[in-house]
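A look at the structure
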Amino acid sequence: MNNSGFYLDFERDLVELQKKIDELKSQAEADGLNLDEGVRKLEAQAAKKRREIYANLSPWQRVQISRHPNRPYALDYVERMLSDFTELHGDRLFADDPSVIGGPARLNDESVMVIGIQSGRNLEERQKRNFGMPHPEGYRKARRLMQMAAKFKLPVLTLVDTSGAYPGIEAEERGQAEAIARNLYEMSHLPVPIVVAIVGQAFSGGAIGITVGDRILMLEHACYSVIVPESCSTILFKVRERREEAAEALKLTAKDLQQQGIIDRIVSEPMGGAHHDWDAAAAMLKRHVQDALAELRRLTPEALVAQRLDKFAAMARFGE
């Protein structure tokens, strides 16, 4: 899927190897030569290099992958995991927020309510989706859909990928903090199963606003934290340039968060990240979502809510 020519700094050696492979293939085709052996050696070298790189990623490198412009977004997962998706619009209070998508769909034979944060592939789409930064009406739309799910006894699936809620003055005027806080309360007490999938970057209250759930899944190269590393660096060190140090300190990787009990399961990604194979990434996530729903389906609404409240209460750590 990554065919735009965009690559990350630490992928430079891989890009050079791929260029050599492409050149060798072109030469073989143009001159009618059999260069299969040379191509195979270079491909094996590239595969080994890719394994080495992705087995030793730093937290900041995972942040970069989570932001990759070719990474699949919410609607890409919906298209590959679900069927019969009907998008619903508006919060019935102010307006529709295109950065939040949602509506009923089917996961195989089961009806679900899916809600996700969506960005765009080009400047026009990004502006339309407000660069994946929801306004208050986006969170209120999400809450409306969750309440609808509760009414019709539908499990809720959320797909989280955002740098944060929109910080503009108009969002504050329309109650950004209240909208997020109300979502936290409503999701805590929703009497249907909630499966959360963190599929990209998930930062600040903008992510938390749809991330309260019974099972929290997180893709291998996704990131989840209360603040983006650049802002953390600016606050702590007074410069943005120490973002790598901030990323390390924030413990924002899937492995770190699973060890802390913040997330439940890590979903493997295709080698090199989800942006290299959208279909494989969606298939892996779908299996985990199905497994999570199968577990939660056995619980009564009362047990679901009680376990959910206990789950998040247990995340607090205090020391004196």
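Quick caveat: nothing in here was measured; it's all calculated off a predicted structure. (Residues numbered from 1 in each chain as written. Predicted model: local features only at pLDDT ≥ 70, side-chain atom pairs only at ≥ 80, totals over all residues. Heavy atoms only, no water.)

With that settled, the discussion passes to the side chain of His275. Looking at where His275 falls in the secondary structure, it is placed in the loop between strand E7 (265-267) and helix H13 (278-296). A polar contact of 3.4 Å, which involves the side chain of His275, links it to the backbone oxygen of Gly272. Looking at His275, its side chain comes within polar contact range of the side chain of His276, at 3.5 Å. (Helix = DSSP H or I, 4+ residues; strand = E, 2+ residues; numbered from the N terminus. Polar contact = N/O pair within 3.5 Å; in protein donor to acceptor, adjacent residues only side chain to side chain.)

Turning next to the pairing of strand E1 (residues 100-107). Counting buried positions over the eight residues of E1 gives six, a clear majority of the element. Of the strand pairs in this sheet, E1 and strand E2 (residues 110-117) are connected by eight bridges, and their pairing is antiparallel. From the neighbouring strand, Gly102 faces E2, where its bridge partner is Ile115. Connecting the antiparallel pair E1 and E2 is a turn made up of two residues, with Asn108 showing a positive phi of about 55°. (Buried < 20%, exposed > 50% of the residue type's maximum accessible area, 1.4 Å probe, protein only. Pairing = 2+ DSSP bridges.)

We now examine the environment of Asp97. With respect to the secondary-structure elements, Asp97 resides in the loop between helix H4 (74-81) and E1. Classification of Asp97 as buried rests on a relative accessible area of 2%. Distance in space between the C-alpha atoms of Asp97 and Tyr139 is 8.7 Å, their sequence separation being 42 residues. Residues in contact with Asp97, not counting those within four places in the same chain, are Pro134, His135, Glu137, Gly138 and Lys141. At a separation of 3.4 Å, a polar atom in the side chain of Asp97 contacts the main-chain amide nitrogen of Gly138. (Contact = heavy atoms within 4.5 Å.)

Two numbers describe a pair of aromatic rings. These are the distance of the centres and the angle of the planes. Counted according to the given criterion, the structure contains one aromatic pair. Residues Phe10 and Tyr54 carry aromatic rings whose centres are separated by 6.2 Å and whose planes lie at 70° to one another, so their mutual orientation is edge-to-face. Residue Phe10 is found in the segment before helix H1 (12-31), and its partner Tyr54 is found in helix H2 (residues 36-55); the two are separated by 44 residues along the sequence. Note on Phe10: relative accessible area 16%, which makes it buried. (Phe/Tyr/Trp six-rings, centres within 6.5 Å; stacked < 30°, edge-to-face > 60°.)

Attention now goes to the packing of helix H6 (residues 136-151) against helix H8 (residues 176-189). Contact geometry of H6 with H8 gives a least axis separation of 8 Å together with a crossing angle of 20°. Accordingly, the angle class assigned to the pair H6 and H8 is roughly parallel. In this structure, H6 crosses over H8, and the sense of that crossing is left-handed. Here Pro136, Tyr139, Arg140, Ala142, Arg143, Met146 and Gln147 of H6 lie close against H8, whose contacting residues are Gln176, Glu178, Ala179, Ile180, Arg182, Asn183, Glu186 and Met187. Each residue belonging to the contact of H6 with H8 can be placed in one class, and the counts come to seven nonpolar, three polar and five charged. (Axes fitted to C-alpha atoms, helices over the stretch in contact; angles between N-to-C directions. Parallel < 35°, antiparallel > 145°, perpendicular 65-115°, else oblique. Left-handed = near helix turned anticlockwise from the far one by under 90°. Nonpolar A, V, L, I, M, F, W, Y, C, P; charged D, E, K, R; others polar.)

The next subject is H4. Taken together, the buried positions of H4 are occupied by Ala74, Asp76, Tyr77, Val78 and Met81. If you follow the buried residues of H4, they end up packed against E1, E2, strand E3 (156-162), strand E4 (194-203), strand E5 (215-219) and H13.

Before going further, it helps to spend a moment on the pairing of E2. Of all the eight residues making up E2, seven are buried; the element is thus mostly covered by neighbouring parts of the structure. Sheet topology places E2 next to E3; four bridges connect them, and they run parallel. Among the inter-strand pairings, Val114 is bridged to a residue of E3, identified as Leu157.

A few words now on the packing of H8 against helix H14 (residues 301-313). Put simply, H8 and H14 touch, their axes get as near as 8 Å, and they point 130° apart. Taken together, the axes of H8 and H14 are oblique relative to one another. Facing Met187, Ser188 and His189 of H8, the residues of H14 in contact are Val305, Arg308 and Leu309. Partitioning the contact of H8 with H14 into residue classes produces three nonpolar, two polar and one charged.

Note on pairing: side chains with opposite charge can pair once their charged atoms come close. What the rule picks out here adds up to 16 salt bridges. The salt bridge partner of Glu137 is Arg174, with a shortest N-O separation of 2.9 Å. Of this pair, Glu137 sits in helix H6 while Arg174 sits in the loop between helix H7 (169-173) and H8, and the two are 37 residues apart along the sequence. Given a relative accessible area of 5%, Glu137 falls into the buried group. Through salt bridges with shared partners, a single ionic network connects Glu79, Arg80 and Asp279. (Salt bridge = Lys/Arg side-chain N within 4 Å of Asp/Glu carboxyl O.)

Keep in mind these values describe shape, not function.
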